[in-house]
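Structural overview
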Amino acid sequence: MCGRVTVRTSPAQLVAELELAGARATLERERFNLCPTQLLPVVPNDGERLLDVFRWGLIPSWAKDASIGNKLINARGETVAEKPSFRSALKRRRCLVVVDGWYEWKQSTKPKTPYLFHHRDGKPLALAGLWEEWTAPDTGEVLRTCTIITTGPNALMAPIHDRMPVILSPEAQAVWLRPEPQEAAVLLPLLVPASDAALAHYEVARVVNSPANDGPECVARLAA
């Protein structure tokens, strides 16, 4: 499960770090506790390598209403090529979801203990994502939505949770962003846990538990 993320890196820095051509759209401010149904920074595989923002929670093009997106914030890498909600997007509509951290809760404590995971060097994380374009049948409104692909945990993640987002290396990003349709045999080997050495984590306050809280206090490290 990956259901809360941070995006504190500036759009200009995201463009520079990922060597993008520019930005089509960006977030209006820093996000310390970004939640599903809100806008996420993405780089879709449309051949332009531009930063954009899509709504978090995939709505397949065939869906009758937008509510299905609330259940499709993540896609399991092990079954993404088989599930009707994801298999077409995997082949044709892939994206990077660009964040600089994600939260996860240790289930064995009461109450659950939140942790923030991030790149050890503070760099942005390019998560494997899928996107769709959906048109509301009643209003004609067009929504571009996305989901984050997850995989099993690495050794750093395992004591906290049994899932983690797929973090793509620069080499994997190039494959993932190919605009042409790709076969599952090419893509599925990319959906593996990140190296333990690349990541770090620390405990944060339970203020992050509420989606209403979206300030620097969410990312503050708790004293040991």
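Conventions adopted
- Residues numbered from 1 in each chain as written.
- Predicted model: local features only at pLDDT ≥ 70, side-chain atom pairs only at ≥ 80, totals over all residues.
- Heavy atoms only, no water.
- UniProt positions renumbered as here; feature names shortened; annotations may be inferred.
- Phe/Tyr/Trp six-rings, centres within 6.5 Å; stacked < 30°, edge-to-face > 60°.
- Buried < 20%, exposed > 50% of the residue type's maximum accessible area, 1.4 Å probe, protein only.
- Lys NZ or Arg CZ within 6 Å of the ring centre and 35° of its normal.
- Salt bridge = Lys/Arg side-chain N within 4 Å of Asp/Glu carboxyl O.
- Helix = DSSP H or I, 4+ residues; strand = E, 2+ residues; numbered from the N terminus.
- Contact = heavy atoms within 4.5 Å.
- Core = buried A, V, L, I, M, F, W, Y, C linked by side-chain atoms within 4.5 Å.
- Pairing = 2+ DSSP bridges.
- Axes fitted to C-alpha atoms, helices over the stretch in contact; angles between N-to-C directions.

- In the annotation of an unreviewed UniProt entry, the chain is listed under the name Abasic site processing protein and assigned to Corallococcus llansteffanensis.
- Under the heading Sequence similarities (unreviewed entry), UniProt records this for the chain: "Belongs to the SOS response-associated peptidase family."

1. Some remarks on the packing of aromatic side chains
- Taken as a whole and assessed by the stated rule, the structure comprises three aromatic pairs.
- Ring centres of Tyr103 and Trp105 lie 6.4 Å apart, and the angle between their planes is 45°; this geometry places the pair in the tilted category.
- On the basis of relative accessibility, which here comes to 0%, the residue Tyr103 falls in the buried class.
- For Trp105, a relative accessible area of 13% gives the class buried.
- Over the ring of Tyr202 we find Arg221; its NZ or CZ atom is 4.1 Å from the centre of that ring.

2. Section: the pattern of salt bridges
- Considering all chains together, one arrives at 10 salt bridges under this definition.
- Residue Asp46 pairs with Arg24 through a salt bridge whose shortest N-O separation is 3.1 Å. Residue Asp46 is located in the loop between strand 4 (39-44) and strand 5 (50-56), and its partner Arg24 is located in the loop between strand 2 (22-23) and strand 3 (31-34); the two are separated by 22 residues in the primary sequence.
- Exposure remark for Arg24: the relative accessible area of 37% places this residue in the partly exposed category.
- The closest approach of N and O atoms between Arg24 and Glu48, which form a salt bridge, is 3.5 Å. You can see Arg24 sitting in the loop between strand 2 and strand 3 and its partner Glu48 sitting in the loop between strand 4 and strand 5, a full 24 residues away along the chain.
- In this structure Glu48 comes out as partly exposed when scored by relative accessible area, which is 44%.
- Overlapping salt bridges, with partners in common, bring together Arg24, Asp46, Glu48 and Asp52 in one network.

3. Some points on the environment of Val97
- In this structure, Val97 sits in strand 7 (residues 94-99).
- C-alpha separation for the pair Val97 and Asp196, spaced 99 residues apart in sequence, amounts to 20 Å.
- Those residues in contact with Val97 that sit more than four places away from it in its chain are Leu40, Pro41, Val42, Leu125, Ala126, Leu127, Gly129, Thr147 and Ile148.

4. Some points on the nonpolar core
- Ranked by size, the top nonpolar core spans 29 residues in total, and within it Val5, Leu40, Val97, Val99, Trp102 and Leu199 carry the most contacts.
- Where this core is concerned, the elements lending two or more residues are strand 1 (5-7), strand 4, strand 5, strand 7, strand 9 (113-119), strand 10 (125-135) and strand 11 (142-151).
- Val15, Val175, Trp176 and Leu177 belong to the second-largest nonpolar core, a separate cluster that totals 28 residues.

5. A few points about the side chain of Thr150
- Position of Thr150 relative to the elements: it lies in strand 11.
- Each residue touching Thr150, except ones within four places of it in the same chain, is listed here: Met1, Cys2, Asn74, Ala75, Arg76, Gly77, Glu78, Arg163, Met164, Pro165 and Val166.

6. Considering the sheet that holds strand 13 (residues 199-203)
- Spatially, five strands are ordered 3-1-8-9-13 in an open sheet, and the strand pairing comes out antiparallel. In this open sheet, the two strands that pair with only one neighbour each are strand 3 and strand 13. Strand-to-strand twist across the sheet, computed as the mean angle between neighbouring axes with direction ignored, equals 25°.
- Sheet analysis places strand 1 next to strand 8 (residues 101-106), joined by two bridges and oriented antiparallel. Paired with Thr6 across the strands is Gly101, a residue of strand 8.

7. Considerations on the environment of Phe117
- Along the chain, Phe117 falls in strand 9.
- Taking the relative accessible area as the measure of exposure, Phe117 reaches 1% and is therefore buried.
- It is 13 Å that separates the C-alpha atoms of Phe117 and Val166, two residues lying 49 residues apart in sequence.
- Setting aside anything within four residues of it in sequence, one finds Phe117 in contact with Asp100, Gly101, Trp102, Glu104, Leu156, Met157, Ile160, Ala200 and His201.

8. Considering unusual backbone geometry
- A positive phi angle is found at Thr37, which is not glycine, with a value near 80°.
- Among the secondary structure elements, Thr37 is positioned in the loop between strand 3 and strand 4.
- The exposure class assigned to Thr37 is partly exposed, which follows from its relative accessible area of 40%.
- Positioned with a positive phi, Arg49 is a non-glycine residue whose angle comes to about 50°.
- Residue placement: Arg49 occurs in the loop between strand 4 and strand 5.

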